[in-house]
Each structure stands twice: as C-alpha cells, then as structure tokens.
Amino acid sequence: MNISESEHVDYVTKLSQRRIEALKMERAFLYPNQTVEEVGKLFLSHQDLQSMAVVDNKIPVGIVHRYQLMDIFLSAYGRDLHGKKPIMYFMDTAPLVVEADLPVETGSQYITDNMQQTVIQEFIITKNQHYIGMGSLLDLLKTITALQIDQLEQENKRLSAEVEITCRLQQMLLPKEQELTNIEDLEIAGFMEPADEVGGDYYDVLQHQGLVKIGIGDVTGHGLESGVLSLMVQTAVRTLLINDITDPVTFLDVLNRTIYANIERMQVEKELTLLIVDYFEGKLRISGQHEHVVLVRNGKVELIDTMDLGFPIGLEESIEQFISHTEIVLQADDVVLLYTDGIPEAENKNGEYYSIERMCDIVQQHWQKPVHEIREMLLADVYAFIDGYTVLDDITLLVLKQK
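Rules of the game
Residues numbered from 1 in each chain as written. Predicted model: local features only at pLDDT ≥ 70, side-chain atom pairs only at ≥ 80, totals over all residues. Heavy atoms only, no water. Pairing = 2+ DSSP bridges. Helix = DSSP H or I, 4+ residues; strand = E, 2+ residues; numbered from the N terminus. Axes fitted to C-alpha atoms, helices over the stretch in contact; angles between N-to-C directions. Contact = heavy atoms within 4.5 Å. Buried < 20%, exposed > 50% of the residue type's maximum accessible area, 1.4 Å probe, protein only. Lys, Arg positive; Asp, Glu negative; His and termini not counted. Salt bridge = Lys/Arg side-chain N within 4 Å of Asp/Glu carboxyl O. Polar contact = N/O pair within 3.5 Å; in protein donor to acceptor, adjacent residues only side chain to side chain. Phe/Tyr/Trp six-rings, centres within 6.5 Å; stacked < 30°, edge-to-face > 60°. Expected span 1.5 Å × (residues − 1). Core = buried A, V, L, I, M, F, W, Y, C linked by side-chain atoms within 4.5 Å.

> Which parts of the structure should I look at to understand the sheet that holds strand β10 (residues 283-287)?
Strand pairing in a sheet is mediated by backbone hydrogen bonds. Such pairs are either parallel or antiparallel. Strand order in the open sheet made by the five strands is β7-β8-β9-β10-β13, with antiparallel pairing throughout. The open sheet terminates on both sides in strands that have one partner only, identified here as β7 (201-208) and β13 (325-329). Put simply, the sheet's adjacent strands are angled 15° from each other on average, direction ignored. Bridge count between β10 and β13: five bridges; the pairing is antiparallel. Along β13, the bridge assignment pairs Lys 283 with Val 329. Seen against the sheet, helix α8 (residues 224-242) touches β7, β8 (211-219) and β9 (272-280) and runs at an angle of roughly 15° to β7. Against the sheet, helix α9 (residues 248-266) makes contact with β8, β9, β10 and β13, and its axis sits at roughly 145° relative to β9, the strand it touches most.

> What exactly am I supposed to notice about the side chain of Asp 92 here?
Inspection of the secondary structure puts Asp 92 in the loop between α4 (78-82) and β3 (97-99). Look at Asp 92: it is buried, it has no salt bridge, and the nearest opposite charge is Arg 27 at 13 Å. Looking at Asp 92, its side chain comes within polar contact range of the main-chain nitrogen of Ala 94, at 3.0 Å.

> In this structure, what is going on with the packing of aromatic side chains? I would like to understand it.
By convention here, two paired aromatic rings are described through the distance between centres and the angle between planes. According to the stated counting rule, one finds four aromatic pairs in the structure shown. Note on Phe 311 and Phe 322: the rings are 4.5 Å apart at their centroids and 20° apart in plane angle, and the pair reads as stacked. Of this pair, Phe 311 sits in the loop between β12 (300-304) and β13 while Phe 322 sits in the loop between β12 and β13, and the two are 11 residues apart along the sequence. Ring geometry for Tyr 354 and Phe 385: centres 5.5 Å apart, planes at 75°, overall edge-to-face. Within this pair, whereas Tyr 354 is found in the loop between β14 (335-339) and α10 (356-366), its partner Phe 385 is found in helix α11 (residues 371-386), the two being separated by 31 residues in sequence. Here the aromatic residues Phe 29, Tyr 31 and Tyr 131 are joined through ring pairs into a cluster of three or more.

> I'm lost on the pairing of strand β15 (residues 395-402) in this one. Help?
The two faces of a sheet get side chains in turn, since along a regular strand they alternate between them. By the criterion of burial, β15 is predominantly enclosed, with eight of the eight residues buried. Here β15 shows no split at all, with Ile 395, Leu 397, Val 399 and Lys 401 on one side and Thr 396, Leu 398, Leu 400 and Gln 402 on the other all buried. Relative to β15, β14 runs antiparallel, the two sharing five bridges. For Val 336, the partnering residue across the bridge sits in β15 and is Leu 400.

> Got a minute to help me understand the pairing of β10 in this structure?
Two strands pair when backbone bridges link them, and β9 and β10 are joined in this way by five bridges, in the antiparallel orientation. Following the sheet pairing, Ile 276 is matched in β10 by Ser 287. Linking β9 to β10, which pair antiparallel, is a turn of two residues; within it Glu 281 sits at a positive phi near 50°.

> Please clarify how α8 should be interpreted in this entry.
Spacing of three or four residues puts side chains on the same side of an α-helix, whose turn is 3.6 residues. Here α8 contains 19 residues, and its C-alpha end-to-end distance of 27 Å stays within 8% of the 27 Å for a straight helix at 1.5 Å per residue. Buried residues of α8: Ser 226, Gly 227, Leu 229, Ser 230, Leu 231, Val 233, Gln 234, Ala 236, Val 237, Leu 240 and Leu 241, and no others. Where α8 terminates, the next one or two residues include Asp 244, which has phi positive at roughly 60°.

> Got a minute to help me understand the nonpolar core in this structure?
Most often, soluble globular proteins keep nonpolar side chains buried together rather than apart. Core analysis: the biggest nonpolar cluster contains 26 residues, and Ile 188, Val 205, Ile 214, Ile 286, Leu 330, Val 336 and Leu 338 have the highest contact counts within it. Looking at this core, the elements with two or more residues in it are β6 (186-193), β7, β8, β9, β10, β11 (293-297), β14 and β15. Core analysis: the next-biggest nonpolar cluster, separate from the first, contains 25 residues, Val 294, Leu 337, Met 359 and Leu 397 among them.

> Looking at this structure, I do not really get the pattern of salt bridges. What am I missing?
Should their charged atoms come close, side chains of opposite charge can pair. For the structure on display, the rule yields 11 salt bridges. Salt-bridge contacts for Arg 257 lead to Asp 253; the nearest nitrogen and oxygen are separated by 3.1 Å. Of this pair, Arg 257 and Asp 253 both sit in helix α9, four residues apart, which is roughly one turn of that helix. Taking relative accessible area as the criterion, Asp 253 reaches 7% and is therefore assigned buried. A salt bridge links Asp 381 to Arg 358; its shortest N-O distance comes to 2.9 Å.

> I would appreciate a short explanation of the environment of Val 219 in the present structure.
Relative to the elements of secondary structure, Val 219 occurs in strand β8. It is 9.6 Å that separates the C-alpha atoms of Val 219 and Pro 312, two residues lying 93 residues apart in sequence. Ignoring sequence-local partners within four residues, the contact set of Val 219 consists of Gly 200, Ser 226, Leu 229, Ser 230, Lys 270, Glu 271 and Leu 272.

Structure, rendered in structure tokens:
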C-alpha cells in the first residue's frame, strides 16, 4: 500500500491537531467551602469516582482524590472530627492542570514532568484557565499509544513505498535480454536476487562504440540505503562511459570520488567492492577489487585474484594509487564467471557454506553448455544446497562465453 508525501504530511498534521480537550470527562466540581461530610458521601455513592476538582469562581484551586479523602472519612473518629470542616483544608492544593488546547503529546510530556505523586490517576482540564472537566491518565496513555502505533503504521507504509520504488528502479535498470543478445562475439546471461526487497548488489552490461563495459559490485549490507548506492553506481558508470572515460585508473578513481562524496553527505557507513570488465575484440580488461574471476578454458578452472586490482569504493576519497588491471585474451568457448559473495557464502541450515570450490565444480561440469544453461545449473545447485533456509545475502551472477 503506497502513501504519498502529501498524505504523510496530512497525517502528521492530523496528529498535531489532537488536543487534550478530546480526553475531557464532563464532571461536576466542588466548592472550597463544601464540607468533608458532603464530599465523602459523593465518593461513597459513586464508586468509580477517583477525584474531583475544587473550583472557585471557575478557576481550579485544588483537587480531592478518593484515596486521600477516604483515609480521613473512614478512619476512627475522622468523620466526627473533620466532617463539618471545609474541604479546602484537605484538598491537594497543587493539582495537575492542563490546558485543553495543548496537543496530546505536549500535554503528556507536561504531565510527566510535573506529576509529583505516581498514584494520581486524573488531572484537571481547563480552557482559558477555567475548569471544563477532568482527564484520565489511563485515557491519555491509551491515546498516546494509539497515536504512536498509527504513526508507526504510517511510517511503515511510507517506507514500504520507498522500498518498493527503489526495488522497481533496480529491476528496471538491469540490462534487458535483447541488449545482451545484441552483443557480438560474446554470450552473456545475468541474474540478481536480493535478500531483502532492495538489494545491495549491482551489475550492468553497457555498450559504447564497440566497447562492452561490464560492472559487478556489492555494497555492504542490503536494504534501502545499499539499494540507493547501487543505483548511484549504475548511473555513475553509465555517465563515465558516455563521456568516453575508459582508462581504468581514471574511471574507477572518478567513480570512487563521486560515491565517496555521496556517502559522506548521506552520513552512512557504506562501501562497496566493484569490478569493471571491459570487453573488446576478444579481450577482457579487468580492474577493481572484488571476488575472484573464474575462467574455465577447455574444462580447466583458473581463478583470477582481484585483490591487487583496486580498492573498496567509498572508503577513501582517492584510490588512484591502488588501481591496476589485468587482461585476458579469450579463446572460443572460454567461460568467465562473475559473481557476488552471496553465492559462495550461501548458508544451509547446518551452518555450512556453499563455497567457491562447489561453484567452480558446477561451472566446470557444464562449461560446454550455453550460458543460460550454465546459469540455471549453478542457481539450481545453490538453492538445492540452501534447501529452503533463509537467503542471508544478495545473489548476483554473470556468465560470459566467447563465441
């Protein structure tokens, strides 16, 4: 269920308009010169009566609580000794008095700050300092609780709407099947499934003037903030490519500066590993720090370590000195696997990890198949291993194959 920004503002305004007057209980008041005998009989005849205001010329000057009066009225000789005395001598002269037009939340804070006796159950409500009724602390507590629950529900609806929008944007910006099939000399199949509605993983495949630029990354954590950062990365990569910035050092350093500045502004503790792979005329140029790149050639597996090819994005303002690259000349039917750690670190109910070794075994067994089949075989094995256990991290996968 979506809730618009204007609806949220209207709701917050509605909350601020809830006043103490809404809690008012119509109740007769006492005069200062009424006797203890008269007041005692009122309390005895109305068992649900907890307190009554004492009012002089419409202004509350005190309050009489049941428990205080009964101590006097029912004690030995108390009625005989004090029955004819004015109630003004026995009332609480420092009652809790709250103006009717105060917002409920403000009134609650005022009562909390000024309440001297925890046994007091009711307070006096006034309008322009004139007595208009009584209020119950229990009713106030119920109202505050209900307002807080409503507010949480509305915030959840609003957050759900934001999450839904971010999730849809992520899915909309993934490369379409037609884009991938239009790439000459290279088969590509991709997959991304977030652990939550919004994932922190990123992948993209872009073409520009004969160059195919492939990006895959993993923002720390998942959820809305991580999802937003992955969208920022996608936009930054496309912008740099369109502006013909292809040198790996310049590309990653500028991208890092952009993301670093946004992370600072957002005041979040996030970073991401990011791998950039350029494909051109049968060659792969790999830069950036991420997971191993898996190369399967003639059924043999080779792992390419990317630890020395870059630095986490968004952690430092400048990473130029850490960036390097390596190149692979692809042969026909060579398979390249790019992935995020959600696959090797997928966990089953016994606390066992799927592992990079098992992942490589599956690719090695099926490397001669088309990339879509390799992808499906690998994913099927991952989910069979998990066997219904909760997916704890985003799962992202790219399978490349030289035609």
